[in-house]
Every structure is written in structure tokens, then in C-alpha cells.
Amino acid sequence: MKLLTPELLDAFFATLSQRWELRLPILLPDGTRIIGSLIDGRLALHGGAVSGKPTAAFFPQQSTLLSVTDGTVEETPSPPPLFIVGFTPSDLASLRFIDRFFADGWRDDLYFTLRENAAIAALSGYCGLGGALIPLAGGDCDLEFFWDRSSWLVIAYSETGKKLIEDLPDAARTEVVELLRQTTPSLPDENETVIRAASLLLRADRVPDSFWAEIGDRCIACTGCNLACPTCTCFGVQDWRSANKTERSRMWDSCQLDGFMREAGGHNPLGSEAERTRRRIHHKLAADPQKWGEISCFLCGRCDAVCPTGIGILAVAGEIVARFA
Ligand code: SF4
Ligand code: SF4
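About the criteria used
- Residues numbered from 1 in each chain as written.
- Chains lettered and ligands numbered in written order.
- Predicted model: local features only at pLDDT ≥ 70, side-chain atom pairs only at ≥ 80, totals over all residues.
- Heavy atoms only, no water.
- Near = heavy atom within 4 Å.
- Nonpolar A, V, L, I, M, F, W, Y, C, P; charged D, E, K, R; others polar.
- Pairing = 2+ DSSP bridges.
- Helix = DSSP H or I, 4+ residues; strand = E, 2+ residues; numbered from the N terminus.
- Phe/Tyr/Trp six-rings, centres within 6.5 Å; stacked < 30°, edge-to-face > 60°.
- Buried < 20%, exposed > 50% of the residue type's maximum accessible area, 1.4 Å probe, protein only.
- Core = buried A, V, L, I, M, F, W, Y, C linked by side-chain atoms within 4.5 Å.
- Contact = heavy atoms within 4.5 Å.
- Salt bridge = Lys/Arg side-chain N within 4 Å of Asp/Glu carboxyl O.

Q: So what's going on with the site of ligand 2? Which residues, and what values?
A: Taken together, the residues surrounding ligand 2 are C219, I220, A221, C222, T223, C225, Q256, R280, C307, P308, T309 and I311. Taken together, the residues of the shell around ligand 2 break down into eight nonpolar, three polar and one charged.

See the structure below:
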């Protein structure tokens, strides 16, 4: 384990930037904290989960699939190697989930070209919102930065990670012992208990349609929940045309929009807000456990934070448990 003091941070990232394109938690001028480039805002490692979908580094809002100019298909340029900092343990669990999704059946080369060309660093320790403790991730990434309230203890989990930090000083034994003491497993998370209980009720078909009509009435279709969710992977395909060029892109879609499943003939299997809201929750808590063996919500908190009408997944799961358990 290595030690990275706040004084060494700038030099550390400057060295990495010679080989990698850096994506770090930054604070934008409007106060939003996202994973981005240092030219757009100042470094902000503290504050917990960043706004927005952290998995967008590999599944961007818009990706070009194909570009044709004057009848000739253009070569797709290779992406630069990315070094991405800012995943929480919950974000890493989401990433693990969508890695499996994009590899299933057909392997999504657009996703894996970016994914396999990147190194990922998690943030944990007392760097959560207001200094809250984020538990140690313990793997599923190349590096982990654990804030012990004065310095970052840096742990490497891969050969790439080990190389990246080989020049940093070693952490003292007392710091390692203290880290292990701080991250001793705690009691089960209360939110996880709620999500699991709601999942069981949905799978037992204990939630009536009238409930979804009530919750659906509260959705204003702003799509914030889908845009922020690290495990939402739905997309649509769009062609853009100019005089001599056609570009085919894939773009994020949202299951909360009326056109999400509408068919060319006019039939819409998700024709009401009630059905669309039911699908959003049911997909993560009932369909995915059936297909993948696990709930695909890792409780990052983003959909509950962004939903203007209070129907993020945890809020809805809480209502399900309170009314139907
Ligand atoms: S809390 Fe919401 S945004 Fe986060 S993983 Fe679960 S469903 Fe997605
Ligand atoms: S964030 Fe809330 S209001 Fe907006 S689409 Fe999602 S559920 Fe509906």
C-alpha cells in the first residue's frame, strides 16, 4: 500500500496525464460535481458519488457507430487510454453488472474498446458527503484511493495499478492497521433490506396495478432517473444526414418516455405512465434477478436524488414494503 499526501496529488496526476487521458471528479462552475477533465473544473475528490452516470465513460450518451462520406466508410479512430477516478464501491458493482450485460450473447465492441483501454480508480474512506465513510471497495478496479482524513492510502489491485503507483512512498504499517480497523464490515445496510424486500414482493406478484397507476401519475417523464443510473443500458439508433455524409449513432433511451417501446404500427406495449413506471422498477428488482441472478440496483442513490417528484427506486421500494409486506 502506498501513501499519497494532498501535496503530492497535483504532481501525481500531472505525471499520469503524460500517458493517459485523465477523467477525475471535478467541480463545475455551477457547483455540479461530475467525472470530467481538469480543463472544465477544479479537482474535487471529496463528496461521495458524483452526479451523472459514472459508466458513461464506456457507454456515452451518444456514440458514433458508423460514418459514411461520399459512399466511403470512415475509419473509426482508436480511443486514447483513459484513467478514470471517482467510482464508489456501488458504482463498481454497477460497472461489473453492465460488463456482463454488454458481453452477453453478442459482445459489444464499442463498449469494450473503451472499457479495455481504461484504468479505473475507486474512492473510499472519509471522503463521502460531509466526510461520511465510504467502505473499502476491495477490488473490481485497478486502484483504490482511501482517504484516512489526512492522506490518501492507495491500494493497487492489478498489474496496471501497481505500475501506476510504484514511485509513490510506501504507507506505514500503522496506517494499514488503522485502515483495516475502519473498514471492518458493519451491520447490513437498511436501504438494501428495503430493496430486497420490495424485490421479493414484486416477484411474488403482490403489487397491484392500482399502485403503479398512482406512482405513474407522479412521473413527469423528465428521464432524469434513467440518465443518472449506472446500470441503465437502453439505447436507440439515429441517422444524421448532410449533403455528402451520413452518420449513424446510438443514443441513450429512457423507459419513462412514451416512444420507448412504441411500434411502427402504432401499438405501444408500454402505453401509459403506470406501465412505464412499473417497468422501470420491475426490470431492476424482478426481471434482472431472474435473468442475471442479482438485483441490478446497487443503491447509488442517484435516481432518488434527481427525481423531482420523489419516485426514485428507493422511495418506491419503501412504499411497496410499507403497503404490501
Ligand atoms: S439507486 Fe437508482 S440510479 Fe442508482 S443503481 Fe439503483 S436504480 Fe440506478
Ligand atoms: S426522474 Fe422521476 S419524474 Fe423524471 S422520469 Fe424518472 S421517475 Fe419520472
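Q: Any chance you could break down the pairing of strand β11 (residues 235-241) for me, citing the residues and the numbers?
A: Summarising the sheet, β11 and strand β12 (residues 245-252) pair through seven bridges and their orientation is antiparallel. Its bridge partner being in β12, V237 is matched across the sheet by R250.

Q: Account for the packing of aromatic side chains, with residues named and values stated.
A: Summed over all chains, the structure comprises 18 aromatic pairs. With 4.3 Å between their ring centres and 20 degrees between their planes, F102 and Y111 make a pair best called stacked. When its relative accessible area of 0% is taken as the criterion, F102 is described as buried. A centroid spacing of 5.0 Å and a plane angle of 50 degrees characterise the contact between W147 and W152, whose relative ring orientation is tilted. On the basis of relative accessible area, W147 is assigned to the buried category, the value being 12%. By relative accessible area, which is 1% here, W152 ends up buried. A connected cluster of aromatic rings, assembled from ring pairs, spans F58, F59, F97, F101, F102, Y111, F112, F235, W252, W292 and F298.

Q: So what's going on with the nonpolar core? Which residues, and what values?
A: Residues F13, F83, F145 and W152 are the most contacted members of the largest nonpolar core, which totals 25 residues. Leave out the neighbours within four places in its chain, and W152 touches K2, L3, L4, L9, L45, H46, L123, S124, C127, F145, F146 and W147. Ranked by size, the runner-up nonpolar core spans 24 residues in total, among them C219, A274, A286 and C307.

Q: Residues and numbers for the pairing of strand β9 (residues 143-147), please.
A: The buried fraction of β9 is high, at five of five residues. Here β9 shows a buried face lined by L143, F145 and W147 and a second buried face lined by E144 and F146. Pairing of strand β8 (residues 118-125) with β9 involves five bridges; the strand directions are parallel. In the strand pairing of β9, A121 is matched with L143.

Q: Report on the pattern of salt bridges, specifying residues and quantitative values.
A: Per the counting criterion, the structure on display carries 21 salt bridges. The partner of K245 in a salt bridge is E74, and the shortest N-O contact between them spans 3.8 Å. One end of the pair, K245, is in strand β12; the other, E74, is in the loop between β6 (72-73) and β7 (82-87), with 171 residues separating them in the sequence. By relative accessible area, which is 34% here, E74 ends up partly exposed. Close ionic contact of E214 with R323 constitutes a salt bridge, the shortest N to O distance being 2.9 Å. Of this pair, E214 sits in helix α7 (residues 209-216) while R323 is found in helix α11 (residues 313-324), placing the two residues 109 residues apart along the sequence. With a relative accessible area of 38%, E214 lands in the partly exposed category. One network of salt bridges, in which partners are shared, links R96, R100, D140 and E294.

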